[in-house]
Amino acid sequence: DTGVSQNPRHKITKRGQNVTFRCDPISEHNRLYWYRQTLGQGPEFLTYFQNEAQLEKSRLLSDRFSAERPKGSFSTLEIQRTEQGDSAMYLCASSPRDRGIGNEQFFGPGTRLTVL
Amino acid sequence: DQQVKQNSPSLSVQEGRISILNCDYTNSMFDYFLWYKKYPAEGPTFLISISSIKDKNEDGRFTVFLNKSAKHLSLHIVPSQPGDSAVYFCAASVGANNLFFGTGTRLTVIP
């Protein structure tokens, strides 16, 4: 399977704990995006990387959230001191395009976070 | 503010008929538009896209139409099949930047 993979698929944690999610993009895709989706809503942008550089962060990404993409390959998203409002599906997407026409992004299966 | 809107939360269509899903946007800077299909507990799957320099793009049973003056796009599925039943999201972007999504339309194709 050469698609985007995300681990874990499900995470249940207690309020105040830290969690970390991993995303492995499609090989050689230089752009990697993180989105969050809550019930009844479309995915909302959190942050994206071009290779190892984090190019943009949404205002949704509070200081409790941090994302990295060392060496421009896989990426991690960490949430510190989780709150119940962080419960959502966290989606990762990758794209081969960084210029020109086209912005097809290919999504992984997501990590479902539940904060108790 | 919601820059991409899907005003119909649900749509039911008979198998074999045409399904038309609609989407409106407010940001005139958007230059690329996409449709995604999503099943429960899975990530969105890319279906079809269109750039702002075109007004129609076709791929098999799926056709996307773009009306820039009205800031409106639509996805036509013909003929509709039961396997098309899913939630469909419209998305838009400026260049190769992040996507802005609508809230989705749940399509049910009745056998």
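This one's a predicted model, so the numbers in the text were calculated from it and none came from an experiment. Position labels on residues start from 1 in each chain and follow its written sequence. Just so you know, chain letters begin at A and ligand numbers begin at 1, following the order they were written in. With pLDDT at 70 or above as the cut-off, local features in this predicted model cover only qualifying residues; side-chain atom pairs require 80 or more to be listed or tallied, and sums for whole chains, interfaces and linings still use all residues. Where side-chain values are given, they derive from all heavy atoms of the structure, hydrogens and water being excluded.

Participant: Before we move on, can you summarise the overall build of chain B with the specific residues and values?
Facilitator: Within chain B one finds 0 helices and 11 strands. N-terminal to C-terminal, the α/β element order of chain B is β-β-β-β-β-β-β-β-β-β-β. Over its C-alpha trace chain B gives a radius of gyration of 13 Å, about what one expects of a compact globule, namely 13 Å for 111 residues. For chain B, the spread of C-alpha atoms along the principal axes amounts to about 40 × 30 × 20 Å. Looking at the 111 residues of chain B, the share that counts as buried comes to 47%. The contacts in chain B between residues at least 6 apart in sequence include a share of 53% that link residues at least 24 apart. The numbering of helices and of strands both runs from the N terminus, where a helix is a DSSP run of H or I of at least 4 residues and a strand a run of E of at least 2. Only C-alpha atoms enter the radius of gyration, while the globule expectation follows 2.2 Å times N to the 0.38, with N the number of residues. Only protein chains enter the calculation, and the probe is 1.4 Å; a residue is then buried if its accessible area is under 20% of its type maximum, exposed if over 50%, and partly exposed in between. In what follows, residue pairs with any heavy atoms lying within 4.5 Å of each other are defined as contacts.

Participant: Help me get a handle on the pairing of strand β6 (residues 56–59) of chain B, residues and values and all.
Facilitator: All names here are of chain B. Should DSSP find at least two bridges between two strands, the strands are regarded as paired. Relative to strand β7 (residues 62–67), β6 runs antiparallel, the two being bridged by 4 bridges. Residue pairing for β7: D59 is matched across the bridge by F62. A loop of 2 residues connects β6 with β7, the two strands running antiparallel in sequence, and G60 in this loop sits at a positive phi of about 65 degrees.

Participant: Break down the state of the cysteines for me, with residues and values.
Facilitator: Residues and elements named next belong to chain B. The disulfide criterion used throughout: a pair of cysteine sulfur atoms within 2.5 Å. Applying the stated rule across the entire model yields 2 disulfides over all chains. Sulfur-sulfur distance for the disulfide between C23 and C90 comes to 2.0 Å. Disulfide C23-C90: the torsion about the S-S bond is -70 degrees, which places it as left-handed. Placement of the pair is C23 in strand β3 (residues 19–25) and C90 in strand β9 (residues 86–93), with a sequence separation of 67 residues. By the burial criterion, C23 is buried, and C90 matches it.

Participant: Provide a residue-level description of the interface of chain B and chain A, including the pertinent values.
Facilitator: Note: interface size is frequently given as the accessible area lost on complex formation between the parts. Contacts between chain B and chain A engage 22 residues on the former and 25 residues on the latter. Summed over both partners, the interface of chain B with chain A buries about 1,700 Å², with 57% contributed by carbon and sulfur atoms. Within this document, salt bridges are pairs made up of a side-chain nitrogen of Lys or Arg and a carboxyl oxygen of Asp or Glu, the two lying within 4 Å of each other. Here chain B is connected to chain A by 0 salt bridges. N or O atoms within 3.5 Å of each other form a polar contact, as long as, within protein, one can give a hydrogen and the other can take it, and as long as residues adjacent in sequence are counted only when both atoms are side-chain atoms. On inspection of chain B and its partner chain A, the count reaches 10 residue pairs in polar contact (both at pLDDT 80 or more). When residues of the side of chain B that touches chain A are traced back to their parent elements, those giving at least two are β4 (32–38), β5 (45–51) and β9 of chain B. The leading source of residues in the side of chain B that touches chain A is β4(B), at 4 residues. Here the buried area means the combined drop in accessible surface, using a 1.4 Å probe, for two parts upon being joined, counting both sides.

Participant: Give me the sheet that holds strand β8 (residues 72–77) of chain B: which residues, what numbers.
Facilitator: Taken in spatial order, the 5 strands make up an open sheet running β1-β3-β8-β7-β6 (chain B), and their pairing is antiparallel. Looking at the sheet topology across the chains shown, the edges are occupied by β1 (4–5) and β6 of chain B.

Bear in mind that shape data such as this cannot, by itself, settle questions of function.
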